[in-house]
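For reference, the chains in residue letters:
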Amino acid sequence: MRALFLFLLVICVSTALGSDGCADGCEFNTQIGECVCPEHSQTYSKSCDKNPRTGKCKTGGGGCFPGSAQVMLPDGGSKEMKDLQVGELVLTGSGHFLPILGWLDINHSKTTNFLRIITNQSDSLSLTESHVIFRHSGKQDSQEQVFARDLDVGDILLHEASGNKAEIIKILSETQTGFYAPLTASGTLLVDGYLVSCYASYSHYLAHAALLPARTWPGLFLSNGGGQEGTGAFVTMVKRMGDFLDWRDN
């Protein structure tokens with residue numbers, strides 16, 4: 001009798017989870033090794049609410065990376081973005097480990113929309129729509145900056161952690177709590193193994209030039225260097241100037 005009960009229990013659980021071990025309505029993604037469920041994420045749509053003045057998509061303000069995003073450390077290990085401290089060394093696009101100078105923006109509790117980029121590598125990447133990432137360009141085997149929302153399935157990213165080119169196979173929308181925007185001297189870093197910019201909403205090179213004072217004197221111009229929530233006064237001023245000159249992307 002007990003054996004029959006256990007058999008029926010296994011059948012019920014298997015039916016509920018599906019043959020792939022995921023809950024009903026979820027799909028097991030072999031690239032990332034976990035279930036993707038519609039209630040937590042959905043296929044990304046490029047339709048957007050446009051700013052009537054600029055004609056560009058409104059992205060709802062700041063952001064960058066979720067707290068669960070991983071950066072690479074000199075000892076070969078990794079650390080979640082939410083646990084990073086100013087001064088810690090992380091791997092950057094320069095190929096060197098550089099210190100976190102401070103935070104361009106940081107919030108531990110705000111519900112934030114992210115894009116989850118799934119590739120044919122084992123790592124996926126989550127970042128906000130207006131964040132700058134580097135995409136492989138076929139021209140002279142180089143890289144080009146692009147806003148995350150302009151990525152398409154089939155695009156090639158630079159998975160610097162493995163040295164491989166990673167093809168995008170799926171793009172999902174998801175929400176997570178909190179967002180983190182660290183700054184390094186190179187203006188780049190590796191997040192979940194992928195080469196990304198430290199900047200959002202602006203061209204990478206324009207933002208890098210505009211934030212030269214913050215990179216040179218972070219203690220003076222990054223007033224939230226201690227991890228306090230919000231955007232520092234200097235970064236806020238740069239954003240307002242960008243709004244006035246219509247240089248911001250959103």
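Since we're looking at a predicted model, the values are computed, not measured.

Draft legend 1. Representation of the overall build of the chain in the model. Check the secondary structure of the chain and you find five helices and 15 strands. Counting all 250 residues of the chain, 43% fall into the buried class. Across the chain, every contact between residues at least 6 apart in sequence was considered, and the portion connecting residues at least 24 apart equals 60%. Here the chain has roughly 12,700 Å² of accessible surface; of this, 55% comes from carbon and sulfur atoms.

Draft legend 2. Looking closely at the environment of Val-146. For Val-146, the position within the fold is in strand 11 (residues 142-147). Since its relative accessible area comes to 9%, Val-146 is described here as buried. The spatial distance from the C-alpha of Val-146 to the C-alpha of Phe-134 is 6.1 Å, given a sequence separation of 12 residues.

Draft legend 3. Expanded view of the packing of aromatic side chains. According to the stated counting rule, one finds three aromatic pairs in the structure shown. Measuring from ring centre to ring centre gives 6.0 Å for Trp-103 and Tyr-180, while their planes differ by 65°; the resulting arrangement is edge-to-face. Taken together, the positions of Trp-103 in strand 8 (residues 102-119) and Tyr-180 in strand 13 (residues 164-183) put the pair 77 residues apart, joining distant regions of the chain. Neither residue differs from the other here; Trp-103 and Tyr-180 are each classed as buried. Aromatic rings pair up to connect Trp-217, Phe-221 and Phe-234 into one cluster. The aromatic ring of Phe-147 is capped on one face by Arg-149, whose charged end is 6.0 Å from the ring centroid.

Draft legend 4. Focus on the pattern of salt bridges. According to the stated counting rule, one finds six salt bridges in the structure shown. With a closest N to O distance of 2.7 Å, Lys-79 and Glu-88 form a salt bridge. Under the relative-accessibility criterion, Lys-79 is labelled partly exposed at 22%. Here the salt bridges share partners, and the residues they tie into one network are Glu-80, Lys-82 and Asp-83.

Draft legend 5. A look at a nonpolar patch on the surface. Taken together, Leu-206, Met-237, Met-241, Phe-244, Leu-245 and Trp-247 make up a surface patch of nonpolar side chains, about 630 Å² in accessible area. No other element matches helix 5 (residues 233-245), which puts four residues into the nonpolar patch.

Draft legend 6. Examining unusual backbone geometry more closely. Even without being glycine, Ser-201 reaches a positive phi, approximately 75°. For Ser-201, the position within the fold is in the loop between strand 15 (194-200) and helix 2 (204-210). The exposure class of Ser-201 is buried, given its relative accessible area of 4%. The backbone phi angle of Asp-246 is positive, close to 60°, even though this residue is not glycine. A relative accessible area of 34% places Asp-246 in the partly exposed class.

Draft legend 7. Highlighting the environment of Leu-157. Along the chain, Leu-157 falls in strand 12 (residues 156-159). Setting aside chain neighbours within four positions, we find Leu-157 in contact with Ile-117, Thr-119, Ile-133, Phe-134, Arg-135, Leu-151, Asn-164, Lys-165, Ala-166, Ile-168 and Tyr-194.

Draft legend 8. Main features of the side chain of Asp-192. Mapped onto the fold, Asp-192 is located in the loop between strand 14 (188-191) and strand 15. Residues within four places of Asp-192 in sequence aside, it is in contact with Ala-69, Gln-70, Asp-123, Ser-124, Leu-125, Ser-126 and His-159.

Draft legend 9. Just the pairing of strand 8, in detail. For strand 8, a buried count of 13 out of 18 residues is recorded, marking the element as mostly surrounded by other parts of the structure. Where strand 8 meets strand 13, 14 bridges bridge the pair, whose relative direction is antiparallel. Counted as the bridge partner of Arg-116 is Leu-172 from strand 13. Bridge analysis of strand 8 against strand 9 (residues 125-127) gives three bridges, and the strand direction is antiparallel. Directly across from Leu-115, in strand 9, lies its bridge partner Leu-127.

Scoring rules and cut-offs
Residues numbered from 1 in each chain as written. Predicted model: local features only at pLDDT ≥ 70, side-chain atom pairs only at ≥ 80, totals over all residues. Heavy atoms only, no water. Helix = DSSP H or I, 4+ residues; strand = E, 2+ residues; numbered from the N terminus. Buried < 20%, exposed > 50% of the residue type's maximum accessible area, 1.4 Å probe, protein only. Contact = heavy atoms within 4.5 Å. Areas by Shrake-Rupley, 256 points an atom, 1.4 Å probe, with all protein chains shown as cover. Phe/Tyr/Trp six-rings, centres within 6.5 Å; stacked < 30°, edge-to-face > 60°. Lys NZ or Arg CZ within 6 Å of the ring centre and 35° of its normal. Salt bridge = Lys/Arg side-chain N within 4 Å of Asp/Glu carboxyl O. Patch = residues over 30% accessible without salt bridge, like charges linked within 9 Å, V, L, I, M, F, W, Y side chains within 5 Å. Pairing = 2+ DSSP bridges.

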